[in-house]
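Report on the structure
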Amino acid sequence: MKNHMILLSGPMRSGTSILSKLIASYKSVNFFYEPQTFIKILKKKDFNLADNYSLFSLLIPAMSGRFINFNKNDSTYIYNYKMKSEVMKKISKSWSETSIFKEQKNETILIKYPSFVDEIANYKSNLFPQTKIFTFREPIEVLNSLMKKGYSSTRYCNSLLEGDYEKFKNKKIPLFIKKKNYQTFLNADELGRCLIYYNQVMSSNFKNFDFVFDYKNLFTKNIKFIKKFLDKKKLKNTKKTQLIINTFKKKKIKKIELNISKNNQTLFNESGKLYARL
């Protein structure tokens, strides 16, 4: 097996976390949850820097055990997707610079970053063979989940920390919103903002993605397909892999009554068309 990079994206609340957890359970897969510096480099289209950052600031430190999350209350808690034996082996080993650089050629780097689909689509690595995966979901389900989480509320936008937003007319705009949509986003109500976000992501460039998965099939045929793909890459599953699969079931979202105003009707209709085309 040679080193490999798997990039996973799609709209928020569309299965990226579930899928990344499954892939991360495989041996020699090093998982990175939304590394902000990485996506900012991609936005600048500096792909050589992205390669160097991925290797020297992500993969090699992860191999040496420097990025292990032991916080049980965090979704990326290491034992949510890794066997204890694999973790203990990693942290008990002492690496020389020569040996770790040699061994990294047998490792896989997995980066999960929803929303920034075009940036990931455009990234062509000169260092890592890449596989790009896009997950998507019916608009009504994504909208319900986003509204429930309050991801486009004024309160959410005001709470964004430095680096997570851009300033426009003295207002905080989430980093994942494209500049061309700033004014429309600012003028919209909360549901309208969710629709703008969903339509923006679903209008992205999918041509450079190797796999496009619908959330409704994620727990059935897509899981089997992903396992076959990982087997072809000679990645080995673990006991944790099957334990994760055993917990998979389509979550039922408590639906919020969505009052589609006249201002949002066009956006809502567009969301349905964008979903249907995939």
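We now turn to the structure provided with this report. (Residues numbered from 1 in each chain as written. Predicted model: local features only at pLDDT ≥ 70, side-chain atom pairs only at ≥ 80, totals over all residues. Heavy atoms only, no water.)

Where strands meet in a sheet, backbone hydrogen bonds hold them as pairs that are either parallel or antiparallel. Judged by pairing direction, the sheet is parallel, and its five strands sit side by side in the order E2-E3-E1-E4-E7 without closing on themselves. Only two strands of the sheet have a single partner each, and these edge strands are strand E2 (29-33) and strand E7 (211-214). Across this sheet, the average inter-strand angle for adjacent strands is 20 degrees, counted without regard to direction. Sheet topology note: the strand E1 (residues 4-9)/strand E3 (residues 108-112) ladder contains five bridges and is parallel. The residue of E3 that forms the bridge with leucine 8 is lysine 112. (Pairing = 2+ DSSP bridges. Helix = DSSP H or I, 4+ residues; strand = E, 2+ residues; numbered from the N terminus. Axes fitted to C-alpha atoms, helices over the stretch in contact; angles between N-to-C directions.)

Phi at glutamate 34 takes a positive value of approximately 50 degrees, unusual for a residue other than glycine. For glutamate 34, the position within the fold is in the loop between E2 and helix H2 (36-43). The phi dihedral of lysine 169 falls on the positive side, at around 50 degrees, and the residue is not glycine. For lysine 169, the location among the structural elements is in the loop between strand E5 (165-168) and strand E6 (171-174). Judged by its relative accessible area of 57%, lysine 169 falls in the exposed class. (Buried < 20%, exposed > 50% of the residue type's maximum accessible area, 1.4 Å probe, protein only.)

Here we take up helix H11 (residues 221-232). Between its first and last C-alpha atoms H11 spans 17 Å; for twelve residues at 1.5 Å apiece the expected length is 16 Å, and the two agree. Three or more residues of H11 are buried, namely Asn222, Ile223, Ile226, Phe229 and Leu230. Down the axis of H11, the smallest arc covering the buried residues is 125 degrees, so these residues share one side. Facing away from the buried side of H11, by more than 90 degrees, are the exposed residues Lys221, Lys224, Lys228 and Lys232. The inward-facing, buried residues of H11 abut E1, helix H1 (16-24), strand E4 (130-136), E7 and helix H12 (239-247). (Expected span 1.5 Å × (residues − 1). Arc of directions from axis to C-beta. Contact = heavy atoms within 4.5 Å.)

Moving on, we get to the side chain of threonine 131. Following the sequence through the fold, threonine 131 ends up in strand E4. Classification of threonine 131 as buried rests on a relative accessible area of 4%. Apart from residues lying up to four places away in sequence, threonine 131 is in contact with His4, Met5, Ile6, Leu7, Asp210, Phe211, Phe229 and Lys233.

Bringing the pattern of salt bridges into the picture now. All told, the structure shown has five salt bridges when counted by the stated rule. For the salt bridge of glutamate 34 with lysine 112, the shortest nitrogen-to-oxygen distance reads 3.1 Å. You can see glutamate 34 sitting in the loop between E2 and H2 and its partner lysine 112 sitting in strand E3, a full 78 residues away along the chain. By relative accessible area, which is 26% here, glutamate 34 ends up partly exposed. We classify lysine 112 as buried; its relative accessible area is 3%. A salt bridge links glutamate 141 to arginine 137; the nearest nitrogen and oxygen atoms lie 2.8 Å apart. By the burial criterion, glutamate 141 is buried, and arginine 137 matches it. (Salt bridge = Lys/Arg side-chain N within 4 Å of Asp/Glu carboxyl O.)

Turning next to H12. When we look at burial in H12, the residues that qualify are Lys240, Thr241, Ile244 and Ile245. Buried residues of H12 fall within an arc of 140 degrees about the axis and therefore sit on the same side. Away from its buried face by more than 90 degrees, H12 exposes Lys239, Asn246 and Thr247.

As a further point, take the packing of aromatic side chains. Under the definition given, this model contains 19 aromatic pairs. Ring centres 5.3 Å apart and planes at 75 degrees place the aromatic pair phenylalanine 211 and phenylalanine 225 in the edge-to-face group. With phenylalanine 211 in strand E7 and phenylalanine 225 in helix H11, this pair connects stretches of sequence that are 14 residues apart. Residue phenylalanine 225 is classed as partly exposed on the basis of its relative accessible area, which comes to 40%. When the ring centre of tryptophan 95 is taken as origin, the NZ or CZ atom of lysine 93, which lies over that ring, is 4.1 Å away. The residue whose ring lies beneath arginine 137 is tyrosine 215, and the NZ or CZ to ring-centre distance is 3.7 Å. (Phe/Tyr/Trp six-rings, centres within 6.5 Å; stacked < 30°, edge-to-face > 60°. Lys NZ or Arg CZ within 6 Å of the ring centre and 35° of its normal.)

This next bit is on the pairing of E3. As a general feature of sheets, a regular strand has side chains that alternate between the two faces. The buried count for E3 comes to five of five residues, which makes it a mostly enclosed element. Because side chains alternate across E3, one face comprises the buried residues Thr108, Leu110 and Lys112, and the other comprises Ile109 and Ile111, equally buried. Across five bridges, E2 lies against E3 in parallel orientation. Looking across to E3, one finds that tyrosine 33 is bridged to lysine 112.

Just geometry here; none of it tells us what the structure is for.
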